[in-house]
2 protein chains.
Amino acid sequence: MENQNFDKYFAERHSYRTFDEKPVSREVISDIIRLAMRAPTTGNMQLYSVLVCDQEEMLMKLRPLHFNQPASKNAKAIITVCADFNRFARWCRLSNADPGYENFLSFTSAMLDATILAQQITTIAEMKGLGTCYLGTATYNADKISELLGLPEMVVPVACLAIGWPAGEAEETERLPLEAVCTFGRYPEFSDDDILRLYEAKDKFPANSKYVEENGKQSLAQVFTDVRYPKAMNEEFSAKFLQLLKEKKFL
Amino acid sequence: MENQNFDKYFAERHSYRTFDEKPVSREVISDIIRLAMRAPTTGNMQLYSVLVCDQEEMLMKLRPLHFNQPASKNAKAIITVCADFNRFARWCRLSNADPGYENFLSFTSAMLDATILAQQITTIAEMKGLGTCYLGTATYNADKISELLGLPEMVVPVACLAIGWPAGEAEETERLPLEAVCTFGRYPEFSDDDILRLYEAKDKFPANSKYVEENGKQSLAQVFTDVRYPKAMNEEFSAKFLQLLKEKKFL
């Protein structure tokens, strides 16, 4: 493989929230998922299921569960990747084996498998020229998504992807410097000054400054804590998601 | 990008558990992680940290926490990817913002970010010719790994990767057919016969049959339920992981 080509892709990739009118064929989506299924999985158990929603009738019901965020409204398909121990447990019972997977560790293994698969789908789709965007709301309204998609016990949505052929420009986004994230050895002991220095480029990034102004806040961090991911909302959806894990037998 | 090249990579990739003596330089690892950090992340919060263990003294302490499994013993480096809301919350406090992230939803967002990053690291490393293998034991002994790596509150290991230049042949592994995993629409209603048919190739795969025989079991499923992932073990590590999430303020 030519290194430069894929290095360039990884260095320059970004998510898309606006998509072309051109549909994404089921053949294209199937090809991507078939390739993605070679991704690593816990003990080769493949603890995931993928539900692709590409029909307007169903999309109309699914979008509000993602708060009608632009990527969900523009997407030609919404791909819901679920942590799934149901299929594996059924196979166990049919094979004279007694599955012991109604517990939290099994959920984390299945969530790991599902997320690895979702990211593999993302990379393959983007390399084929498609645009994608994770809908972080998968776990927020997981109970209602679960109902809409008819998910049985031991199946929980963990990652949703909006997908389509990209239209318009992708938004520029910044990232932290490597040293903020990666350490050789034990967890780093950053001073307060270190933290502020590591986040300086993020604080000064033009699109972020605009964001602070638009929201009438004093700092970028306040946009996160007061507007985008406030405590009360996080606690409400935490309780709902834990309740769903109980109902689906993972807790 | 030339489609055929990367399609071939995705279609043929597999994990490696044996590695060459040649070390993996910190420059190579840093380059991979820097590229991987362009992967999608929840609200661009980058809720992860990466701790790379490449010194023999530390590796000697880390391997037993992964039950000395071959990939951990052979690896030139073990990369622990953590769900991390600590750094972000510190930045919030230093920016006159009140973080509300001591809850389970915040853990799932951070676990999603960390796993997406781990898979991006995997893909980039493999495309550069390295061999990788997830160590599923990251969440089993998460408490002890946490202690060894000095993880503070709101930081929990979720994915570990053994890495090195591959040696020997990779093991052949089978995958389920696409229809077992992917549906256009709602969750599929499989009959018992469907399940057995979908798992038939797995049941008959030569390496799996050998596995059943070696373990003195009647079916492949029994190898999973009785030997590899038994109920008592899953329940023990579930309790420990939930306890760690409490200690780290995510529950």
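Refer to the structure above for everything that follows.
None of these values were measured; they are calculated from a predicted model. Counting restarts for each chain, with residues numbered from 1 along the sequence as it is written. Think of it this way: whatever chain is written first is A, whatever ligand is written first is 1, and the rest follow in order. Per-residue local features of the predicted model are confined to residues with pLDDT of at least 70, and side-chain atom pairs are confined, for both listing and counting, to 80 or more; whole-chain, interface and lining totals are unaffected and use all residues. Remark: hydrogens and water are excluded; side-chain values derive from all non-hydrogen atoms of the structure.

A. Expanded view of the interface of chain B and chain A. Listed by partner, the interface residues are 119 residues for chain B and 119 residues for chain A. Interface area for chain B against chain A, summed over the two sides, is near 11,000 Å², with a carbon-plus-sulfur share of 64%. The three residues of chain B that bury the most area against chain A are Arg38, Trp91 and Tyr187 of chain B, which together make up 9% of that side's buried surface. What counts as a salt bridge is simple: a side-chain nitrogen of Lys or Arg found within 4 Å of a carboxyl oxygen of Asp or Glu. Taken together, chain B and chain A are joined by four salt bridges. Two residues, Arg90 of chain A and Asp192 of chain B, come together in a salt bridge whose shortest N-O distance is 2.8 Å. Polar contact criterion, stated in full: a pair of N or O atoms within 3.5 Å, where within protein one must be able to donate a hydrogen and the other to accept it, and residues adjacent in sequence count only if both atoms are side-chain atoms. Inspection of the chain B/chain A interface yields 65 residue pairs in polar contact (both at pLDDT 80 or more). Along the lines of polarity and charge, the residues of the side of chain B that touches chain A split into 62 nonpolar, 35 polar and 22 charged. Strand direction decides the pairing type here: strand β1 (residues 48-53) of chain A and strand β5 (residues 182-184) of chain B, joined by three bridges, are parallel. In the sheet register, Val50 of chain A faces β5 of chain B, and the bridge partner there is Cys182 of chain B. We call two residues in contact when some of their heavy atoms are within 4.5 Å. Buried surface area refers to the total accessible area, computed with a probe of radius 1.4 Å, that the two partners give up upon joining, counted for both partners together. Side-chain classes are defined by residue name, with Ala, Val, Leu, Ile, Met, Phe, Trp, Tyr, Cys and Pro counting as nonpolar, Asp, Glu, Lys and Arg as charged, and the others, Gly among them, as polar. Note on pairing: two strands pair once DSSP finds at least 2 bridges between them. Helix and strand definitions follow DSSP, with helices as H or I runs of at least four residues and strands as E runs of at least two, each counted in order from the N terminus.

B. Up close: the packing of helix α12 (residues 220-228) of chain A against helix α5 (residues 86-94) of chain B. Each axis is a line fitted through C-alpha atoms, and for a helix only the stretch in contact is used; angles between axes span 0 to 180 degrees, taken between their N-to-C directions. Between α12 of chain A and α5 of chain B, the shortest axis-to-axis distance is 8 Å and the interhelical angle comes to 110 degrees. With respect to α5 of chain B, the axis of α12 of chain A lies roughly perpendicular. Between α12 of chain A and α5 of chain B, the residues in contact are Leu220, Ala221, Phe224 and Thr225 of chain A and Phe88, Trp91 and Cys92 of chain B, respectively. Residue composition of the contact of α12 of chain A with α5 of chain B, grouped by class: six nonpolar, one polar and no charged. These descriptions rest on fixed angle ranges, namely under 35 degrees for roughly parallel, over 145 for roughly antiparallel, 65 to 115 for roughly perpendicular, and the rest for oblique.

C. Representation of helix α6 (residues 104-127) of chain B in the model. Residue and element names in this part refer to chain B. Here the expected length of a helix is defined as 1.5 Å per residue gap, with one fewer gap than residues. For α6, built from 24 residues, the straight-helix expectation of 34 Å at 1.5 Å per residue is met to within 8% by its first-to-last C-alpha distance of 34 Å. Burial analysis of α6 places 24 of its 24 residues in the buried class, which makes it a mostly covered element. Downstream of α6 by a residue or two, Gly129 has a phi angle that is positive, lying close to 95 degrees. When a residue's accessible area, from a 1.4 Å probe over protein chains only, is under 20% of the maximum for its type it is buried; when over 50% it is exposed; and in between it is partly exposed.

D. Quick look at the packing of helix α11 (residues 206-214) of chain B against helix α12 (residues 220-228) of chain B. Residue and element names in this part refer to chain B. Packing of α11 against α12 brings their axes to within 9 Å, and their N-to-C directions diverge by 50 degrees. With respect to each other, α11 and α12 are oriented oblique. Judged by the twist between their axes, the crossing of α11 over α12 is left-handed. Each of Asn208, Tyr211 and Val212 in α11 lies in contact with α12, whose residues at this interface are Leu220, Val223 and Arg228. Should the near helix be turned counterclockwise from the far one by less than a right angle, the crossing is left-handed, whereas a clockwise turn marks it as right-handed.

Take it as geometry only, folks, not as evidence of what the structure does.
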